[in-house]
Amino acid sequence: MPERELTFAQAIREALAEEMRRDATVCIIGEDVAEAGTPFKVLSGLVEEFGSERVVDTPISEAGFTGIGVGAAMTGMRPVVDIMFGDFITLTMDQMVNQAAKVHYMSGGHWNVPMVMRTTLGATRRSAAQHSQSLHAWFSHVPGLKVVLPSTPYDAKGLLKTAIRDNNPVVFFEDKMMYKLKGPVPEDDYTIPLGVADVKREGGDITLVATSSMVQTALGAASMLEKAGVSAEVVDPRTTWPLDEKTLIESAQKTSRVIVLDEGYGRYGVAAEIAAVIAAGAFYDLDAPVKRMGAMHVPIPFSPPLEDATVPTEQTVFEAARQMCGKA
Amino acid sequence: MPERELTFAQAIREALAEEMRRDATVCIIGEDVAEAGTPFKVLSGLVEEFGSERVVDTPISEAGFTGIGVGAAMTGMRPVVDIMFGDFITLTMDQMVNQAAKVHYMSGGHWNVPMVMRTTLGATRRSAAQHSQSLHAWFSHVPGLKVVLPSTPYDAKGLLKTAIRDNNPVVFFEDKMMYKLKGPVPEDDYTIPLGVADVKREGGDITLVATSSMVQTALGAASMLEKAGVSAEVVDPRTTWPLDEKTLIESAQKTSRVIVLDEGYGRYGVAAEIAAVIAAGAFYDLDAPVKRMGAMHVPIPFSPPLEDATVPTEQTVFEAARQMCGKA
Amino acid sequence: MSVTASNPGDLAARSAAPVTEQQKWLHAYRQMVSIRLFEEQVNELYIRALMPGLAHLYSGEEAVAVGICEALRRDDYITSTHRGHGHCLAKGASPDRMFAELLGKEAGYCRGKGGSMHIADPATGNLGANAIVGGSVGIATGAAFAAKRLRTDRVAVCFFGEGALGQGSLYEVMNLAQLWKLPVIYVCENNLYNEYTHFSETTAGTILARATAFGIEATSVDGQDVRKVNEVASRLIQRARKGEGPSFLQADTYRFSGHHVGDISREYYRSKQEESLWKTERDPIKLHAAWLIAQRFADSASLDKTAAEIRNEMIAAVKFAVEAPYPSVKEVDQHVYA
Amino acid sequence: MSVTASNPGDLAARSAAPVTEQQKWLHAYRQMVSIRLFEEQVNELYIRALMPGLAHLYSGEEAVAVGICEALRRDDYITSTHRGHGHCLAKGASPDRMFAELLGKEAGYCRGKGGSMHIADPATGNLGANAIVGGSVGIATGAAFAAKRLRTDRVAVCFFGEGALGQGSLYEVMNLAQLWKLPVIYVCENNLYNEYTHFSETTAGTILARATAFGIEATSVDGQDVRKVNEVASRLIQRARKGEGPSFLQADTYRFSGHHVGDISREYYRSKQEESLWKTERDPIKLHAAWLIAQRFADSASLDKTAAEIRNEMIAAVKFAVEAPYPSVKEVDQHVYA
Ligand SMILES: Cc1ncc(C[n+]2csc(CCOP(=O)(O)OP(=O)(O)O)c2C)c(N)n1
Ligand SMILES: Cc1ncc(C[n+]2csc(CCOP(=O)(O)OP(=O)(O)O)c2C)c(N)n1
Ligand SMILES: [Mg+2]
Ligand SMILES: [Mg+2]
C-alpha cells in the first residue's frame, strides 16, 4: 500500500482543518488568511469550509491581533495566530513575552493561554534582510512559551495538532522554503508529543543535530558523507522548548563528534544552547569541540551570491563533517 | 591622593553630561527623563543644564520614540534613547532589529545609525514578572547591534562614552540594583573600547565569567572561595557583542574550570553562548563541563522568597565553584 | 473570615435580584469606601516596611471603577492596570486575598506570584492587572472576541490610564474592535498625569477623537461622580451586550497620592494647591455621601458607621495577610506551564 | 552613461532656478513616464527570470510620488515602502543604479545588499525603502526631529500605503510629531488594497480622522492628478518648513498591476472591470498628457518622443544592470558595522 504523500503546506493545512473540525473553538486570525489563503497559499480552502467567523482576515496589526489572540485564548477559544513572516514577530514581542508567556504563572496558575502562533523562518528566497530572518531563539529563551520547528510534512502535521491542543502558548516556525517539500503523511489523527527529539537517520561517526529545514540539509550531507565513508547520525530536536536533551546527548556520546545546524544566527542562538548542552552533557565522550553552523552573523543580503553564502549547504556541512572526522 | 568615588548612577550621568557638552548633537529621549530625571533619578540635573530641547520627555510610546531615535541618528543627531525598564524593549524590537541594526548593511554602507539605547536589567527588586527581566540575549543575537553590560561605576562611565561616540546602534544595559553601588571614577575624559574583556580579579583554580551585576556576585563569591582555599579568577566580558573570546578562552585554559554567570535566562541566552565559546575554545584544557548560572527558567515571581530563589547569589556561586574544584 | 462575607462583589453577582435605588447607591458607597480604606492600609504597609516593592494607589479615582463595575455582571470581564486595586475590588475581589497577594503570600489571588500589579481572578472575570502600560488592551479585546464567538453575551471592560494613549497597540485593537463590532468598552481614566508628566505634554489633539477616528462611540464623564459614571457605563454596556459594538469612555479623575507609595515629594510636577483642591472639592466619596444624605438614603452617622465597619474589616484582612505563610520555595517553578 | 545624464532628480536639485510653468509640468510628465517605463522593465525582468525575488510595481500611482517630490528640495528627506521604485525615482535616483540594485549588483544603490525593497540614497535624501509595513514612520519623524534640532529647514516626507494605518507606531509618532511640531508630512497612498484585502475590510472610521485626532492638519487629494497633488504638497511642505508642524495627506490612487509581479490571478479580490476602469479613465499619465496638450505645452508627437527616449534610456539602464558584476562574495560581512 503506497503511503500518501503531501507537501509541507498541505500537511499544515490538514492539521488545521482536522483540529477545526474537532474543536469549534479553534480559529485562525491573521493577514490575508481567508480568501487569499496567505501569500504562501498554505491556508487555501479553509475559509470556504469554516467561514469567515473562524478564518479571520485582519488589518496589518501584528501586535493588536496577537493581543486579541491572547485574550481570546484566556476566555475559551484556541486561536491560531498567523504572522506572515517570522521577521514580523518583532512587533508581537510584548504580547507574546510580557503577556502570553507570563499569564499562567503571574496568575498563580489561574488563567491559561492555549494559543498557537504560526510563523516562518529561513533565507535564500531573495527577500532581503527584513523577510529572511530565523528568530526562533528569542522565543526559545522565554519561559512560558513552547517552540516547535517541524522539518518534514509528517512532523508538521503531528506537531501542529499537538500544539493546538496544548494549554500553553506555542510558537510554530515553518521554513518558507519547505512548503513544497513532499513526504508521507498518514490520513489518521496522529499527534507527536512536544519535547521528543527524532533520530532522522542513524549513524556512528558523527552526529548532525539539525532543526527545521537544516534537517533536510543534514540528510543530504549525510548521504554525501556515506559515500565518503563517514556514517552520520541526524538528530532533530523538533522542539527547542521543551528540549529533549537526553536524545541529543546520547547521540553525541555514541558518535563523539557533533555539528549543530540551525538556520538562525549561531551567536546567542539555538545552536549555542544545543552546543552548550552537548558540550556539558557529553563532556567525557567528545573527541572534538562541538561545531556550530548557522546563518552568517550578518543581516541577510539581497544579492543572490551573497545570500547563498550566509547559510549552510549540503556541501559545506559535508566538508565540515568530513574534516571533523579526519577524512578531509 | 584619594580616588574620587561615584555611584553607578552618578557615573552614567557624568558620562552623559560630558558627552553632551562635547557634542551638541547628543540628546536624550525618553519617558520622564527631564524634570523627573527618570524614576531611578539617574538623569537628575541634566535638563537643567541642557534644556528641554536636548533632554526630551516623551509620551509612553517606546516603539515611536525609538523609531524617532533611529531617524534622528541617520540624519545628524546622536540620540540616547531611554527605555525605563528592560522589559519594555519588547515594544522596540522592530525598530531596533528590523531598522536600526540593518540600516547600515541594507544601504550598502551609506547610512549610519549612531544611537544608544539605555535600559535596565535585573531582578530582586520585588517588581514582578514584567519589571524584572534581563533580556540582553535578544539584542546580542542580532548582527548590526552592539551590546554593553557595565558592572562598575568606572566601566559604566567609560563604556557609555564610547557607546555614544560609536557610529552604530549600541544597547546599554544597566542593572537597576547597581545604581547605588559606589566605586572609583576618574574625573577625566576616559573611554573604554567595546569588545575588550576585563579580568576583574586574577586567580588560578577556576574562572568565573560574569556580566553586569553578576560580576559583583562573582567577586563576593571569589572572596569566600579564597577563604576556602580556592583561587577564583573573575572575568567580565563587558560587552556581549563584540565578544572578547580570546580573554575568556585564555582564562579558561589557565584555570581549566569555568562557571558562567549572567542574570538573563541561561537557556538560549548569554550564558549559553559564552559556555559554547569556552567549551569549544578551551576544549583540550577543561577539567569539567562549563557550568551556567543565571535566572531560573521561570517568569520572575513577586513573592520575595520565591524571587530570591531565581537568581544566583554569592553563596550559591561559592558552593558551585567549591564543588567544581572538588572542595565541597 | 468575615471580610469574605462582605465580599464587595456579591451584589454585582446578584444583580438580577431587584435592588432599590437606596440599596444600589449605598452599595456603591460601600464599594468606594472599601477601596479608599484598602489603599489606606496599603500605604501603611509600605510605611511600616511590611510590603515588598511598591504599589500605585487608586485613592481619588474610586467612582470610576465602582460606577462601571456596578453596571457589570460578575461574569463580565475586566482588565486592569498597575493602578489596579480599585478595579479588582470593584469587580468583587476580597481584600484579604488581595492583601495576601500584595505581601507575596500563598493565600493571595496569584499565590504571591503576581503581586500588586498582577492581581487576576477568574471567579470575578478579572483577566488581570497589567504592569505594561497599555499591555491589556489586546487581552480585553480578545475576551470580547471570544464572547462574541462563543455567544455568551458577556462584555469586556478595558481600564487604562491616559498614559496608555501613547501605546500604538490601543489604536490597532480599537480598529479591530470596531471592524468586528466587539463587545468591549475602553475606559480611559484621565487622572491628568503619566507618572511625573502632565498629560497635556504627552497628548496632542483630544482624547475622544482618538476613538471616534475609528468610528467608535466615545463619551466623557465626570469621573468623580459615581452615579454619572454608572449611568453612562450602563448605557455603553447594554449597547455592547446587544451587539452594537465597542465604545470608549473618558473618565476625568485625579489620583490623590503620588504615582506610587514612594512618590512623596511631588511639587516639581504638581502643586499642593491642585491636590488639595481635588481632595476638598472633588472627592468622589464625599460627593456621593452628601448626595446620599440629601436624598435621605443615609445620614452622616450611618455612613460613619459603615466606614468604621469597613476599616475594621480591612484591618482584619491585613492581619490575615501579614500572618499568612509565604508559598513554599518549591512553588517557584510551578505554573510556568499549564 | 546617458541614463545618469537624464537624472530625474536634477530639476528638483535646481529648484531654486526659475522654471516656467511649461518646463515644470513637462518635467513632471517626464518623471511619471520614467516611473511607468521603469516598472515596465521590472516586470520584463521578472518574466524573463532575470530578477531575483519579487517586486511591487508603482504603476498607476505615479502622480503621487511625482507631485510631491517635485515640491521637495533635493536635500529634503523621504522614506519609502516595499512599493518604492516610484518614490526613489521621483526623488532623483538614477534608473541604472536602481536596476543594478534590483538585480543584486555591486553598482546598485546598496551594492546589491538591499534589493527592490531597500533602495536608499543619501545624495537624494532618500532614507530608504522599507519592507516592514509602517516600518519607516519613526525614521521619517526622526529625520524631521533632527532637521528641527539642527535648524536645517529640511522637511521629511513619509510615504506609506493605507495598509500601514493598521500599525500602531504610526499613531505614536503622529502624536509626537504634533506635540513637537516637527516638519514631517505623512503621505498615505490609498490604493484601496492591503495586499489581497480591500481596505474597507481593514479600516474602521475614516482615514483623515486618524490624523486629525492628534490635531494634525489632514487633507485628501486626487492621487491621479499630479498638479493637484503638487499644489497641496507644496502648501504642506511650506507649512512644515515654516515650523508650523506636521500634516497628513491622503492620496487616493490605484495600483494597475498585482500586489507584486507574481500576483497574476487576482479576480478573487478585485474585478477586471475595476482595473480597466482605472486604467482607461484614471491613468495619471494620460490625464496629465491631455492637460499638457490642452494647454499647448506639448503635442502628442512630442510626448510620444519623450516616452520613446525614456524607454531607450530604460533599456540602456537595464542592459547596464544586467551586465554589471555581482559584488564580491567577500563583501558579505562588510557593512555590518560602520
Ligand atoms: C510600556 C510601559 N512603559 C512605561 C512604563 C512605566 N510606567 C508605569 S506607570 C506609568 C505612567 C502611566 O500613566 P497612566 O497610564 O496615565 O496611568 P496612571 O499611573 O496615571 O494611573 C509609566 C510610564 C510601563 N509600566 N509600561
Ligand atoms: C509589518 C508587516 N506586516 C505584513 C507585511 C506583509 N505585507 C507586505 S505589503 C503588505 C500590504 C501593504 O498594503 P499597503 O500598505 O496598502 O501598501 P500597498 O502594497 O497597497 O502599496 C503586507 C501585508 C509586512 N511587510 N510588514
Ligand atoms: Mg494618568
Ligand atoms: Mg494599499
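The rules we used
Residues numbered from 1 in each chain as written. Chains lettered and ligands numbered in written order. Predicted model: local features only at pLDDT ≥ 70, side-chain atom pairs only at ≥ 80, totals over all residues. Heavy atoms only, no water. Helix = DSSP H or I, 4+ residues; strand = E, 2+ residues; numbered from the N terminus. Rg over C-alpha atoms; globule rule 2.2 N^0.38 Å. Buried < 20%, exposed > 50% of the residue type's maximum accessible area, 1.4 Å probe, protein only. Contact = heavy atoms within 4.5 Å. Areas by Shrake-Rupley, 256 points an atom, 1.4 Å probe, with all protein chains shown as cover. Lys, Arg positive; Asp, Glu negative; His and termini not counted. Charge placed at Lys NZ, Arg CZ, Asp CG, Glu CD. Near = heavy atom within 4 Å. Polar contact = N/O pair within 3.5 Å; in protein donor to acceptor, adjacent residues only side chain to side chain. Donors = N, O, S within 2.8 Å, 3.2 Å for Na, K, Ca; no water. Tetrahedral: all angles 85-135°; square planar, octahedral: opposite > 155°, others 65-115°. Domains from an automatic or database assignment. Buried area = accessible area lost by both parts, 1.4 Å probe. Salt bridge = Lys/Arg side-chain N within 4 Å of Asp/Glu carboxyl O. Phe/Tyr/Trp six-rings, centres within 6.5 Å; stacked < 30°, edge-to-face > 60°. Lys NZ or Arg CZ within 6 Å of the ring centre and 35° of its normal. Least-squares fit on C-alpha atoms with pLDDT ≥ 70 in both.

Glancing now at the overall build of chain A. The secondary structure content of chain A amounts to eleven helices and 14 strands. Taken over the C-alpha trace, chain A has a radius of gyration of 19 Å; the compact-globule value for 328 residues is 20 Å, and the two agree within 12%. Along the first, second and third principal axes, the C-alpha set of chain A runs to 60 × 45 × 45 Å. Considering chain A as a whole, with its 328 residues, one finds that 73% of them fall into the buried category. Looking at chain A alone, contacts between residues at least 24 apart form 82% of all its contacts between residues at least 6 apart. With the model as given, the accessible surface of chain A reaches about 8700 Å², and the carbon-plus-sulfur share is 49%. Where the 30 positive side-chain charges of chain A centre and where its 42 negative ones centre are 3 Å apart.

Bringing the site of ligand 1 into the picture now. With respect to spatial proximity, 22 residues lie near ligand 1, and among them Glu62 of chain B together with His82, Arg83, Ala131 and Asn191 of chain C are the closest. Looking at what sits near ligand 1, you find residues from chains B and C. In the model, a nitrogen atom of ligand 1 is placed 2.6 Å from a nitrogen or oxygen of the Glu62 of chain B side chain. The separation between a nitrogen atom of ligand 1 and a polar side-chain atom of Glu195 of chain C is 3.2 Å. In the complex, the protein chains occlude 98% of the 580 Å² of accessible area that ligand 1 would expose alone.

What follows is about the coordination of the magnesium ion (ligand 4). Residue and element names in this part refer to chain D. Only Glu162 (OE), Glu162 (OE), Asn191 (OD1) and Tyr193 (O) from the protein reach the magnesium ion (ligand 4) as donors, at distances of 2.1 to 2.6 Å. Around the magnesium ion (ligand 4) sit six donor atoms; with metal-centred angles ranging over 53 to 169°, the donor geometry is irregular. Summarised as a motif, the one-chain spacing of the donors to the magnesium ion (ligand 4) is E-x28-N-x1-Y. Here Asn191 matches Tyr193 in class, with each residue buried.

With that out of the way, let us pick up the site of ligand 2. Near ligand 2, the surroundings consist of 22 residues, among which Glu62 of chain A together with His82, Arg83, Ala131 and Asn191 of chain D are the closest. Around ligand 2 the close residues trace back to chains A and D. Residue Glu62 of chain A places a side-chain N or O atom 2.6 Å away from a nitrogen atom belonging to ligand 2. Protein contact buries 97% of the 580 Å² of open area that ligand 2 shows by itself.

Time to look at unusual backbone geometry. In this chain, Trp241 of chain A is followed by Pro242 of chain A through a cis amide linkage whose omega measures -5°. Turning to its location among the elements, Pro242 of chain A is positioned in the loop between strand S12 (239-241) and helix H8 (245-255). The phi dihedral of Ala128 of chain B falls on the positive side, at around 70°, and the residue is not glycine. Relative to the helices and strands, Ala128 of chain B is located in the loop between strand S5 (116-121) and helix H5 (136-140).

Let's shift gears to the domain arrangement of chain A. All names here are of chain A. Taken as a whole, chain A is organised into domain 1 (3-186) and domain 2 (198-324). The distance between the C-alpha centroids of domain 1 and domain 2 comes to 26 Å. Contacts between the two partners involve 26 residues from domain 1, matched on the other side by 26 residues from domain 2. Taking both partners together, domain 1 and domain 2 bury about 2200 Å²; carbon and sulfur atoms supply 56% of that area. Between domain 1 and domain 2 we count four salt bridges in total. The closest approach of N and O atoms between Arg238 and Asp155, which form a salt bridge, is 3.2 Å.

This brings us to the packing of aromatic side chains. All chains considered together, the criterion is met by 41 aromatic pairs over all chains. With a centroid separation of 5.5 Å and an interplanar angle of 65°, the aromatic rings of Tyr196 of chain D and Tyr269 of chain D are classed as edge-to-face. Note that Tyr196 of chain D is positioned in the loop between strand S4 (193-194) and strand S5 (197-198) and Tyr269 of chain D in the loop between strand S7 (247-252) and helix H11 (272-281), a separation of 73 residues in sequence. As far as burial versus exposure is concerned, Tyr196 of chain D and Tyr269 of chain D are alike and both buried. Ring plane angle 5° and centroid distance 4.8 Å describe the contact between Tyr254 of chain D and Trp278 of chain D, whose orientation is recorded as stacked. Here Tyr254 of chain D, found in the loop between S7 and H11, pairs with Trp278 of chain D, found in helix H11; they are 24 residues apart in sequence, far enough to count as distant. The class for Tyr254 of chain D is buried, based on a relative accessible area of 0%. Judged by relative accessible area, which is 15%, Trp278 of chain D ranks as buried. For Lys41 of chain A, the ring lying beneath its charged end belongs to Tyr196 of chain D, and the centroid distance is 5.6 Å.

Further remarks concern the interface of chain A and chain B. Taken residue by residue, the interface counts 52 residues in chain A and 52 residues in chain B. Taken over both partners, the interface formed by chain A and chain B buries close to 4700 Å², and the fraction arising from carbon and sulfur atoms is 64%. Among the residues chain A hides against chain B, the three largest losses belong to Tyr105, His141 and Tyr268 of chain A. Together they make up 20% of the total. There are six salt bridges connecting chain A and chain B. Notably, a salt bridge pairs Arg267 of chain B with Glu273 of chain A, separated by 2.6 Å at the nearest N-O pair. Where the side of chain A that touches chain B is concerned, the elements lending two or more residues are helix H4 (93-106), helix H5 (136-140), S12 and helix H9 (270-281) of chain A. For the side of chain A that touches chain B, the element with the most residues is H4 of chain A, which contributes nine residues.

On to the coordination of the magnesium ion (ligand 3), then. Residue and element names in this part refer to chain C. Around the magnesium ion (ligand 3), the protein contributes the donor atoms Glu162 (OE), Glu162 (OE), Asn191 (OD1) and Tyr193 (O), at 2.1 to 2.6 Å from the metal centre. Positions of the donor residues of the magnesium ion (ligand 3), expressed as sequence spacing, correspond to E-x28-N-x1-Y. With Glu162 in the loop between strand S2 (156-161) and helix H8 (168-180) and Tyr193 in strand S4 (residues 193-194), this pair connects stretches of sequence that are 31 residues apart. Residues Glu162 and Tyr193 agree in their burial class; the two are buried.

Turning next to the relation of the copies chain A and chain B. Turning chain A through 180° and shifting it by 0.0 Å along the axis lays it on chain B, with an RMSD of 0.0 Å. Taken together, the rotation and translation relating the two chain copies correspond to the operation of a two-fold axis. Closest approach to the rotation axis among the C-alpha atoms of chain A is made by Ala276 of chain A, whose C-alpha sits 2.4 Å away. A shared binding surface is used by both copies, with 100% of the interface residues of chain A retained as interface residues in chain B.

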